[in-house]
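Here is how the chains run, residue by residue.
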Amino acid sequence: MKILLPPSETKHPGGTGEPLDPAALALPGLHEHRTAVIDALVDLAADEEQARRVLKLSERQVGDIVHNRMLRSAPTMPAIDRYTGVLFDALDARTLAAASRRWLGEHVWIHSAPFGPVGALDGIPPYRLAAGTALPGLVAMRRHWADATSAALAETEPAFVLDLRSEAYVALGPIPTSVPSAYVRVVTDDGDGGARALNHFNKKSKGQLVRALAESRPRIGSLRSLLIWASKHDIILRRTEDDRVLELVVTE
């Protein structure tokens, strides 16, 4: 099984790893697409005024332009540790045992805007780029990434993909219909036999789900085996009328 996570706008600074090596990231078939975005971001960072406008930064956020300027030379840290925010705080990967972190490295991709999907333990620098940003000299992010990322995902031939991304990042790399997968919606029972989508608990619940998976390190190769695992761990994952959509049921 592979798990696709969204990134986060907020990130831990610093790092102790070697500078970014795009060729060493997961899904090496995306190397040229990664290099194109990195080049565009570095070039944009040379003009602070334009960078602030394109990236929609406040004065308080101008330090992110420096991060983009240093993409090729800044120290890195594992992607799973780089991101902060509700999902990654709930996952809290830094407190996991070594075996659980290795499991994350083998099973989790984080879908970033500049690098595409990267492995959980792939080293990345801090950066600023959102899925909907249009970089000068580059086609729209969706056009740049979607087909290439879908093809790269198919080439890995995963037995099953659990998609926890936001819709903006799904658009940057839809999972091909040839790949068995399920997209997760976080809901709560509405009391009338139906379900109500949750926004506040969405990211937290996804982070907790991935942490539970990492702690138990299951061998999951299908939707059926995922549902069996969930039932054994008191996690409510249920099918919907759409075979490629699951509901993660939580209480408010």
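Here goes a summary of the coordinates provided. (Residues numbered from 1 in each chain as written. Predicted model: local features only at pLDDT ≥ 70, side-chain atom pairs only at ≥ 80, totals over all residues. Heavy atoms only, no water.)

1. Section: the pairing of strand 9 (residues 236-239)
Thinking step 1. Two elements, strand 9 and strand 10 (residues 245-249), share 4 bridges in a ladder whose sense is antiparallel. Looking at the pairing, Ile236 lines up with Val249 of strand 10.
Thinking step 2. In sequence, strand 9 turns back onto strand 10 through a hairpin of 5 residues. (Pairing = 2+ DSSP bridges. Helix = DSSP H or I, 4+ residues; strand = E, 2+ residues; numbered from the N terminus.)

2. Thoughts on helix 10 (residues 223-232)
Thinking step 1. The complete set of buried residues in helix 10 reads Leu223, Ser225, Leu226, Leu227, Trp229 and Ala230.
Thinking step 2. Positive phi appears at Asp234, one or two residues downstream of helix 10, with a value of about 55°. (Buried < 20%, exposed > 50% of the residue type's maximum accessible area, 1.4 Å probe, protein only.)

3. Observations regarding the pattern of salt bridges
Thinking step 1. Within the structure shown, the criterion is met by 9 salt bridges.
Thinking step 2. Its salt-bridge partner being Arg165, residue Asp163 comes within 2.9 Å of it at the nearest N-O pair. No difference in accessibility class separates Asp163 from Arg165, as the two residues are buried.
Thinking step 3. One salt bridge connects Arg238 with Glu247, and the closest N-O pair in it is separated by 2.8 Å.
Thinking step 4. Taking the relative accessible area as the measure of exposure, Arg238 reaches 27% and is therefore partly exposed.
Thinking step 5. One salt-bridge network, in which partners are shared between bridges, spans Arg185, Asp189, Arg238 and Glu247. (Salt bridge = Lys/Arg side-chain N within 4 Å of Asp/Glu carboxyl O.)

4. Some thoughts on the packing of aromatic side chains
Geometrically, a pair of aromatic rings is defined through the distance of the ring centres and the angle of the planes.
Thinking step 1. If you walk through the whole model with that rule in mind, you get 3 aromatic pairs.
Thinking step 2. Ring centres of Phe115 and Tyr127 lie 5.5 Å apart, and the angle between their planes is 80°; on these two criteria the pair is classed as edge-to-face. Of this pair, Phe115 sits in the loop between strand 3 (108-112) and strand 4 (116-119) while Tyr127 sits in the loop between strand 5 (123-124) and helix 7 (141-155), and the two are 12 residues apart along the sequence.
Thinking step 3. What makes Phe115 buried here is its relative accessible area of 0%.
Thinking step 4. An aromatic cluster is defined as three or more aromatic residues linked by ring pairs; in this entry it consists of Tyr83, Phe88, Phe115 and Tyr127. (Phe/Tyr/Trp six-rings, centres within 6.5 Å; stacked < 30°, edge-to-face > 60°.)

5. What about the packing of helix 1 (residues 31-45) against helix 7?
Thinking step 1. Remark: helix 1 packs on helix 7, axes separated minimally by 10 Å, with the N-to-C direction vectors making an angle of 160°. As the angle between them shows, helix 1 and helix 7 are arranged roughly antiparallel. The element helix 1 and its partner helix 7 pack so that their crossing is left-handed. In this structure, helix 1 uses His33, Arg34, Ala36 and Val37 to contact helix 7, whose residues at the interface are Met141, His144, Trp145 and Ala148. (Axes fitted to C-alpha atoms, helices over the stretch in contact; angles between N-to-C directions. Parallel < 35°, antiparallel > 145°, perpendicular 65-115°, else oblique. Left-handed = near helix turned anticlockwise from the far one by under 90°. Contact = heavy atoms within 4.5 Å.)

6. What about the environment of Pro174?
Thinking step 1. Note on placement: Pro174 falls in the loop between helix 8 (167-170) and strand 7 (181-189).
Thinking step 2. By relative accessible area, which is 35% here, Pro174 ends up partly exposed.
Thinking step 3. Spatially, the C-alpha atom of Pro174 lies 29 Å from that of Ala45, the residues being 129 residues apart in sequence.
Thinking step 4. Pro174 has contacts with Ala146, Ser150, Leu153 and Arg165, leaving out every residue within four places of it along the chain.

7. Points about the environment of Pro114
Thinking step 1. For Pro114, the position within the fold is in the loop between strand 3 and strand 4.
Thinking step 2. Sequence separation between Pro114 and Met141 is 27 residues, and the spatial gap between their C-alpha atoms is 9.0 Å.
Thinking step 3. Ignoring any residue separated from it by four or fewer positions in sequence, one finds Pro114 in contact with Arg34, Val37, Leu41, Tyr127, Leu129 and Trp145.

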